[in-house]
Amino acid sequence: MIEKIKNQKILQIVENLQSCLQGKEKAIILSLIAIFSKGHLLIEDFPGLGKTSLAIALSKALNLSFGRIQCTNDLLPTDITGLSIYSKNTSDFEFKPGPIFNNIVLVDEINRATPKTQSALLEAMAEEQVTVDGKTFKLPKPFFVIATQNPIEIYGTFPLPESQLDRFMMKISIGYPDRESEKQILKEGSSRENLYKLSPAIEKEEIIKIQNEIKQIYISEKIINWIIDFAHATRQDSRILLGISTRAALAITVTAKAYAYFSGRDYVIPEDVKEMIPFVVPHRVILREEETSKQEVISSILQNISTPP
């Protein structure tokens with residue numbers, strides 16, 4: 001995927017991150033696409049593959065504040081949002097912000113939190129604000145949630161409802177590193193300390209500038225109609241119980257624009273859309289038969305829709 005990245009600033013950020021995240025090139029690029037698309041990221045993968053390291057490295061390379069929420073079944077909504085505490089000095093309640101008040105928030109093992117606690121994230125992810133005791137507090141900009149979950153653990157977990165999954169712009173997995181990368185990791189040992197020493201490759205203001213530039217990337221009406229045709233096809237396919245929402249179609253459009261920007265273009269081509277669909281769509285659809293592969297169903301739908309010239 002990196003061979004398609006032509007934007008020099010993005011390449012610089014990727015290379016900076018690769019210096020301490022061996023074998024995670026694709027996950028790095030997809031994470032950056034989500035961030036610059038103003039979306040949130042869900043990482044579903046096995047323990048020990050670097051999900052937390054990726055989140056820490058992103059915050060350092062992008063020079064953003066970092067907060068971590070370790071989900072357990074006794075975690076309360078106020079542990080995420082913060083709470084009002086009575087102050088004897090002022091004889092009034094003072095709001096103490098929680099870890100959600102950071103630019104990048106890692107929600108580790110999100111499916112271990114109860115539905116009530118998970119729902120505390122919904123307003124933050126959708127509106128970039130939280131409401132506590134009737135008062136609304138704006139979150140810092142840029143704001144980005146990285147949530148992780150283990151795909152095989154069931155005991156003590158609470159599956160994310162469809163409304164929560166739809167808030168995540170992309171769902172990815174990091175996967176195992178290739179043999180050479182894993183060999184290098186074993187030689188050098190844990191690089192967690194090096195993550196905190198990572199030099200920023202970009203400033204916060206420039207991130208917001210790039211996000212605005214991505215908005216201006218041109219996408220033709222033919223490609224928009226193609227995305228709409230694909231969305232409608234997922235809703236009408238007999239293999240699919242729940243097709244994608246308008247929010248999902250918008251996510252395809254925005255991430256395709258970001259990928260075009262990363263590729264050094266100011267316009268979207270059909271390949272940009274096709275590259276993003278596998279990471280934007282599968283977690284949003286529900287199949288009638290669980291044994292069927294979501295990727296195969298989505299791929300067959302795409303093949304049956306004429307790609308615009």
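As the structure is a computational prediction, the values presented were derived from the model and not from experiment.

Participant: Talk me through the side chain of His283; I want residue IDs and the actual numbers.
Facilitator: By the element assignment, His283 lies in the loop between helix H12 (270-280) and strand E11 (286-287). Note on His283: relative accessible area 6%, which makes it buried. Polar contacts involving the side chain of His283 include one to the main-chain carbonyl oxygen of Leu165, which spans 3.5 Å. Apart from residues no more than four positions distant in its own chain, His283 is found in contact with Leu165, Phe168, Met169, Met170, Lys171 and Lys294.

Participant: Pulling in residues and values, what's your account of the pairing of strand E5 (residues 104-108)?
Facilitator: With respect to burial, E5 is a largely interior element, five of its five residues being buried. Inspection of the sheet shows strand E2 (residues 66-70) paired to E5 by five bridges, in the parallel sense. Bridge pairing in E5 places Arg68 opposite Leu106. Across four bridges, E5 lies against strand E8 (residues 144-149) in parallel orientation. Following the sheet pairing, Val105 is matched in E8 by Val145.

Participant: Let's hear about the sheet that holds E5: which residues, and what values?
Facilitator: One open sheet holds the five strands; their spatial order is E2-E5-E8-E1-E9, and the pairing between them is parallel. Every interior strand has two partners, whereas the edge strands, E2 and strand E9 (170-172), have only one. Strand-to-strand, the axes of this sheet are offset by a mean angle of 20 degrees, without reference to chain direction. Bridge analysis of strand E1 (residues 41-44) against E9 gives three bridges, and the strand direction is parallel. Along E9, the bridge assignment pairs Leu42 with Lys171. Against the sheet, helix H3 (residues 51-61) engages E1, E2, E5 and E8, with an angle of about 170 degrees to E5.

Participant: Would you mind going over the pattern of salt bridges in detail, with residue names and values included?
Facilitator: Under the criterion given, the structure shown has 10 salt bridges. A salt bridge links Lys171 to Glu44, with the shortest nitrogen-to-oxygen separation between them at 3.3 Å. Of the two residues, Lys171 sits in strand E9 while Glu44 sits in strand E1, which places them 127 residues apart along the sequence. For Glu44, a relative accessible area of 24% puts it in the partly exposed group. One salt bridge in this structure joins Glu213 and Lys209, with 2.7 Å as the shortest N-O distance. In this pair, Glu213 and Lys209 are both assigned in helix H9 (residues 204-215), four residues apart and thus about one turn of the helix distant. Under the relative-accessibility criterion, Glu213 is labelled partly exposed at 28%. Salt bridges sharing partners connect three or more residues here, namely Asp166, Arg247 and Arg284.

Participant: Residue-level account of the environment of Ile244, with values.
Facilitator: Checked against the element boundaries, Ile244 lands in the loop between strand E10 (240-242) and helix H11 (246-262). Classification of Ile244 as buried rests on a relative accessible area of 3%. As a C-alpha pair, Ile244 and Ala231 span 13 residues in sequence and 6.0 Å in three-dimensional space. Here Ile244 is in contact with Phe230, Ala231, Thr234, Arg235, Ala249, Ile252, Val281, Arg284 and Val285, once residues within four sequence places are set aside.

Cut-offs applied
Residues numbered from 1 in each chain as written. Predicted model: local features only at pLDDT ≥ 70, side-chain atom pairs only at ≥ 80, totals over all residues. Heavy atoms only, no water. Helix = DSSP H or I, 4+ residues; strand = E, 2+ residues; numbered from the N terminus. Buried < 20%, exposed > 50% of the residue type's maximum accessible area, 1.4 Å probe, protein only. Polar contact = N/O pair within 3.5 Å; in protein donor to acceptor, adjacent residues only side chain to side chain. Contact = heavy atoms within 4.5 Å. Pairing = 2+ DSSP bridges. Axes fitted to C-alpha atoms, helices over the stretch in contact; angles between N-to-C directions. Salt bridge = Lys/Arg side-chain N within 4 Å of Asp/Glu carboxyl O.

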